[in-house]
Amino acid sequence: MDLKPLIFDLNLTDLQHILADWGQPAYRATQLWQGLYRGLATHPGEITNLPRRLGEQLESAYRFTALEVITVQRSSDGQTTKTLFRLPDGNAIEAVLMAYAERRTLCISTQAGCAMGCVFCATGQMGFKRNLSRGEIAEQVLFYARQLAARGEAVTNVVLMGMGEPFHNYEASLEAIDLLNQPDGFNLGARRFTISTVGLVPAIRRFAQERRQINLAISLHAADDELRHSMLPINARYPIADLLDACREYVDLTGRRVTFEWALIQDVNDTPAQAQRLAHLLQGLLCHVNIIPLNPTQGYAGAKSTPQRVAEFQRILNAAGVPCTVRVRRGIDIQAGCGQLASSDA
Ligand code: SAH
Ligand code: SF4
């Protein structure tokens, strides 16, 4: 397949070099950048301050989209929208918009599929297809930003919690945030981003060293190695003690709180014993626990916990001084909930 390079795979410095090579004055790169990331242009013709000739040259050298919309689904509550996109190589990915009060949160994908094989996750059940490029990751945000702009709204938060493991595609994930963070362009602050990881310890340590303002969430889901391993195979490589050590290092280096994700599964990880063990593990760590009743997926028979179990789990953590909130399950009717993203036609 002979594809032109994707314009969103270039950062501002790359564009400056390219346009300088083309004999353009230095300000043209900024005009193009602002047209794409502020004006949310979908092709150079929409960037009115660019000369037409330059626009044509850009269009003959670069692709201005990697995402073809296949389907759009809206949840019955009207607040969640899921879009399935086809990539040029035929792989498919999904991205979700969640509107809640003043927030417009996007959940975006970093890989087509996922190699981590977590048993209760639809993306894990489909296996790994490939990494997304930084431009393919960033363009999911621009896609929804254009829709929101048309109704006078803007993206407020971005979570890298869609398909894929962001720390298994470390550079592209961080570079996509850089593209969107750039002050002359999209200018979404680092604190508006959250990276969620299954717990790749070396990557967590590397991320800690970068001392960025990006939020970090860790998918923990179990408080002992045997149980965690049965749900998240990666635990064999990075057991809980090592994972929590890396989290402590992150908190020490950044002063930032870590979020732990916990999908509550009836009679699996929702017992008072698990809650007590978790509370014990997290003593003294600057953190917060997000619990969410399991979302159904085809390849996993486990059920979500009853409201009583959820309440009891939360009560035990809070009583032990561990802050804990229950997340509302959203978009379940359109398989847009956590762990439900899978592209069946990929
Ligand atoms: N790979 C990253 C981010 C994508 S998954 C990670 O695992 O953290 C986003 C979140 O959804 C993770 O916390 C994951 O554990 C959770 N999740 C996966 N399957 C789920 C399911 N069926 N119900 C609820 N949460 C699920
Ligand atoms: Fe991958 Fe995250 Fe799903 Fe695990 S939960 S299979 S790491 S996407």
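Bear in mind that the values here come from a model prediction, so they are computed numbers and not experimental data. (Residues numbered from 1 in each chain as written. Chains lettered and ligands numbered in written order. Predicted model: local features only at pLDDT ≥ 70, side-chain atom pairs only at ≥ 80, totals over all residues. Heavy atoms only, no water.)

Colleague: Give a detailed account of the nonpolar core, specifying residues and quantitative values.
Modeller: The biggest cluster of nonpolar side chains holds 115 residues, and the ones touching the most others in it are Phe-167, Phe-186, Phe-260 and Val-289. Considering each element in turn, this core owes the most residues, eight residues, to helix H5 (residues 134-150). Domain assignment of the residues forming this core places at least three in each of domain 1 (7-61) and domain 2 (68-334). Setting aside residues no more than four positions away along its own chain, Phe-260 makes contact with Ile-218, Leu-220, Leu-244, Cys-247, Leu-282, Leu-285, Cys-287, His-288, Val-289 and Asn-290. (Core = buried A, V, L, I, M, F, W, Y, C linked by side-chain atoms within 4.5 Å. Buried < 20%, exposed > 50% of the residue type's maximum accessible area, 1.4 Å probe, protein only. Helix = DSSP H or I, 4+ residues; strand = E, 2+ residues; numbered from the N terminus. Domains from an automatic or database assignment. Contact = heavy atoms within 4.5 Å.)

Colleague: Break down the domain arrangement of the chain for me, with residues and values.
Modeller: By domain assignment, the chain separates into domain 1 (7-61) and domain 2 (68-334). Between domain 1 and domain 2, the C-alpha centre-to-centre distance is 34 Å. The interface is formed by 14 residues belonging to domain 1 together with 16 residues belonging to domain 2. Note on domain 1 versus domain 2: buried area summed over both sides is about 1,300 Å², and carbon and sulfur give 59% of it. On the domain 1 side of the interface with domain 2, the three residues burying the most area are Phe-8, Tyr-37 and Leu-40, jointly 47% of the side's total. Connecting domain 1 to domain 2 are one salt bridge. Our count for the domain 1 to domain 2 interface comes out at eight residue pairs in polar contact (both at pLDDT 80 or more). For the side of domain 1 that touches domain 2, the secondary structure elements donating two or more residues are helix H1 (12-21) and helix H2 (27-37). Considering each element in turn, the side of domain 1 that touches domain 2 owes the most residues, four residues, to H2. Across the side of domain 1 that touches domain 2, the residue classes tally to eight nonpolar, three polar and three charged. (Buried area = accessible area lost by both parts, 1.4 Å probe. Salt bridge = Lys/Arg side-chain N within 4 Å of Asp/Glu carboxyl O. Polar contact = N/O pair within 3.5 Å; in protein donor to acceptor, adjacent residues only side chain to side chain. Nonpolar A, V, L, I, M, F, W, Y, C, P; charged D, E, K, R; others polar.)

Colleague: Lay out the packing of aromatic side chains with the relevant residues and their values.
Modeller: Aromatic rings considered in pairs are described by the distance between their centres and by the relative angle of their planes. Enumeration according to the criterion identifies 10 aromatic pairs in this entry. What links up through ring pairs into an aromatic cluster is the set Phe-167, Tyr-170, Phe-207 and Tyr-250. (Phe/Tyr/Trp six-rings, centres within 6.5 Å; stacked < 30°, edge-to-face > 60°.)

Colleague: Mind laying out H2, listing which residues take part and the relevant values?
Modeller: Here H2 lies mainly inside the structure; eight of its 11 residues are buried. Within H2 the residues assigned to the buried category are Arg-28, Ala-29, Gln-31, Leu-32, Trp-33, Gly-35, Leu-36 and Tyr-37. Structurally, H2 contributes buried residues whose contacts are with H1, helix H3 (52-61), H5 and helix H6 (170-181).

Colleague: Help me get a handle on the site of ligand 2, residues and values and all.
Modeller: Residues in contact with ligand 2, as listed here, are Cys-114, Met-116, Gly-117, Cys-118, Cys-121, Gly-124, Gly-164, Glu-165 and Val-198. Its residues placed into classes, the shell around ligand 2 shows five nonpolar, three polar and one charged. (Near = heavy atom within 4 Å.)

Colleague: Residue-level account of the pairing of strand S3 (residues 92-100), with values.
Modeller: Burial within S3 is extensive, with seven of its nine residues counted as buried. Sheet topology places strand S2 (residues 80-86) next to S3; seven bridges connect them, and they run antiparallel. Bridging from a neighbouring strand, Arg-86 pairs with Ala-92 of S3. As judged from the five bridges shared by S3 and strand S4 (residues 103-107), these two strands associate in the antiparallel manner. Looking across to S4, one finds that Ala-99 is bridged to Arg-104. The turn joining S3 and S4, which pair antiparallel and follow one another in sequence, is formed by two residues; a positive phi near 50 degrees is taken by Ala-101. (Pairing = 2+ DSSP bridges.)

Colleague: Tell me about the site of ligand 1, and name the residues and values.
Modeller: The immediate surroundings of ligand 1 are formed by 19 residues, with Phe-120, Ser-196, Ser-219, His-221 and Asn-295 found nearest. Measuring from an oxygen atom of ligand 1, one finds a side-chain N or O atom of His-221 at 2.5 Å. Between ligand 1 and Cys-338 there is a distance of 3.4 Å, counted from a nitrogen atom to a backbone nitrogen or oxygen. Considering ligand 1 on its own, with 530 Å² of exposed area, one finds that the protein chains cover 96% of that surface. Breaking the shell around ligand 1 down by element, the ones donating at least two residues are strand S8 (193-197) and strand S10 (258-264). Class assignment for the residues of the shell around ligand 1 results in eight nonpolar, nine polar and two charged. (Areas by Shrake-Rupley, 256 points an atom, 1.4 Å probe, with all protein chains shown as cover.)

Colleague: Outline helix H7 (residues 201-210), listing residues and values.
Modeller: Those residues of H7 that sit buried are Val-201, Ala-203, Ile-204, Phe-207 and Ala-208. Within H7, the buried residues cover an arc of 160 degrees as seen down the axis, which keeps them to one side. As for H7, its buried residues are in contact with H6, S8, strand S9 (215-219) and helix H9 (240-254). Directly after H7, the chain includes Arg-211, whose backbone phi takes a positive value near 45 degrees. (Arc of directions from axis to C-beta.)

Colleague: Could you give an account of the side chain of Gln-111, naming the residues involved and the relevant values?
Modeller: Along the chain, Gln-111 turns up in strand S5 (residues 111-113). Take Gln-111: its relative accessible area is 0%, and that puts it in the buried class. At 2.8 Å, the side chain of Gln-111 forms a polar contact with the side chain of Asn-131. In this view, Gln-111 contacts Ile-93, Phe-128, Arg-130, Asn-131, Leu-132, Met-163, Gly-164, Glu-165, His-168 and Asn-169; residues no more than four positions away in its chain are not counted.

Colleague: Before we move on, could you go through the pairing of S9 and cite the residues and values that matter?
Modeller: For S9, the tally of buried residues reaches four of five residues, placing the bulk of the element in the interior. Pairing between S8 and S9: four bridges, direction parallel. Within S9, the residue paired with Thr-197 across the bridge is Ile-218.

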